[in-house]
Amino acid sequence: MKILLFGGTTEGRKLSQKLCQRNFQVTCCVATAAGKAQLPTLPNLQVLVGRLDETEILSVLQRDDFRLVVDATHPYAQKVSEAAAKAALALKLPYWRVLRPASDLSGCILAKTVAQACSLAAPGNVLAATGSKQIAEYCCLPNWESRLFARVLPEPESLALCRAAGLQPWQILPGKGPFTLQENLQLMRRYQIATLVTKDGGAAGGFLEKKKAAQLLNIRCIVIGRPPEKQTGMTVEQVLEKLDSLMGVS
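Residues numbered from 1 in each chain as written. Predicted model: local features only at pLDDT ≥ 70, side-chain atom pairs only at ≥ 80, totals over all residues. Heavy atoms only, no water.

Undergrad: Explanation requested: the sheet that holds strand β11 (residues 220-224) in the structure shown.
TA: Spatial strand order, β6-β11-β10-β7-β8-β9: six strands in an open sheet with parallel pairing. Pairing within the sheet leaves two strands with one partner each, and these edge strands are β6 (109-111) and β9 (172-174). Averaged over all neighbouring strand pairs, the angle between strand axes comes to 25 degrees, with direction disregarded. As paired strands, strand β10 (residues 193-199) and β11 are joined by five bridges and run parallel to one another. Pairing of T195 across the sheet is with R220, part of β11. Contacts from helix α9 (residues 207-216) reach β7 (125-129), β8 (148-152), β10 and β11, with the element oriented near 160 degrees to β10. (Pairing = 2+ DSSP bridges. Helix = DSSP H or I, 4+ residues; strand = E, 2+ residues; numbered from the N terminus. Axes fitted to C-alpha atoms, helices over the stretch in contact; angles between N-to-C directions. Contact = heavy atoms within 4.5 Å.)

Put into structure tokens, the structure is as follows:
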């Protein structure tokens, strides 16, 4: 049985390995070369690198005899999830979404957009930990040129987006998480952060460590809510159990 898996996450890596161990033929789609580097090297695992739209996903599905599409992308990767779901529907293939459990957001301020988060920020420096794709949206923050810091992946694309948004080198803090509590504390102290703007990346994304660091330092923690479409699905274990049941494995 051939499975098209959308990964680039902790769940995607775990599923890739578990599915291959069960002798499924897996093609895993990841956005970047860094995502590919984190995947295991297995004889029945093929990796496709690059961001795919619906037409491109359809093309991949039509090239081979795929029987299932599994979406294990990040909870905020809305575009690829929508594209994968539509492509699977068009070909009448089952589409399963992997759900990363939501975090406890007590003590946090919820915002629907970056613009709303900026309007809720406390006076003082702001740490944007929502990724580089949305960094240009922080330009609505008053005096962002002197008070905004962006923690982004140390990849050329991420750094280029920060520069294109007008951030100076001293405002760009490259790093690959998840970060420990001590790492978060050290960074927030060093840059005198007053507000943290983040996403609910769950345990795998180090959300708890960010939230706890903010609370210990009395920093305002603003969380951009997950897209409504990404709030339901299965766990990795449930995906494996369902496949075992379909394949008659007891």
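Undergrad: How should empty space enclosed by the protein be read in this particular structure?
TA: Unoccupied space between atoms shows up once a probe the size of one water molecule is rolled over them. According to the stated counting rule, one finds two cavities of 30 Å³ or more in the structure shown. Across the lining of the second largest cavity, the residue classes tally to four nonpolar, one polar and two charged. (1 Å grid on protein atoms, 1.4 Å probe; cavity = no way out; pocket = protein on both sides within 12 Å on 5 of 7 lines; lining within 4 Å. Points joined across faces, edges and corners; volume = space filled by probe spheres on them. Nonpolar A, V, L, I, M, F, W, Y, C, P; charged D, E, K, R; others polar.)

Undergrad: What is the right way to read the environment of N23 from this model?
TA: Inspection of the secondary structure assignment puts N23 in the loop between α1 (10-21) and β2 (25-30). Sequence separation between N23 and M1 is 22 residues, and the spatial gap between their C-alpha atoms is 8.3 Å.

Undergrad: Help me understand the sheet that holds strand β5 (residues 95-97) in this model?
TA: Hydrogen bonding along the main chain pairs the strands of a sheet, whether they run parallel or antiparallel. Ordered in space as β3-β2-β1-β4-β5, the five strands form an open sheet in which the pairing is parallel. Either end of the sheet is taken by a strand with one partner, and the two such strands are β3 (45-49) and β5. Averaged over all neighbouring strand pairs, the angle between strand axes comes to 20 degrees, with direction disregarded. Note that strand β1 (residues 2-6) and strand β4 (residues 66-71) share five bridges and pair parallel. In the sheet register, L4 faces β4, and the bridge partner there is V69.

Undergrad: How should the packing of aromatic side chains be read in this particular structure?
TA: Geometrically, a pair of aromatic rings is defined through the distance of the ring centres and the angle of the planes. Applying the stated criterion to the full structure yields two aromatic pairs. Residues F149 and Y191 carry aromatic rings whose centres are separated by 4.9 Å and whose planes lie at 50 degrees to one another, so their mutual orientation is tilted. Taken together, the residues span a long stretch of sequence, with F149 in strand β8 and Y191 in the loop between α8 (181-190) and β10 at a distance of 42 residues. No difference in accessibility class separates F149 from Y191, as the two residues are buried. (Phe/Tyr/Trp six-rings, centres within 6.5 Å; stacked < 30°, edge-to-face > 60°. Buried < 20%, exposed > 50% of the residue type's maximum accessible area, 1.4 Å probe, protein only.)

Nothing here speaks to function; it is geometry throughout.
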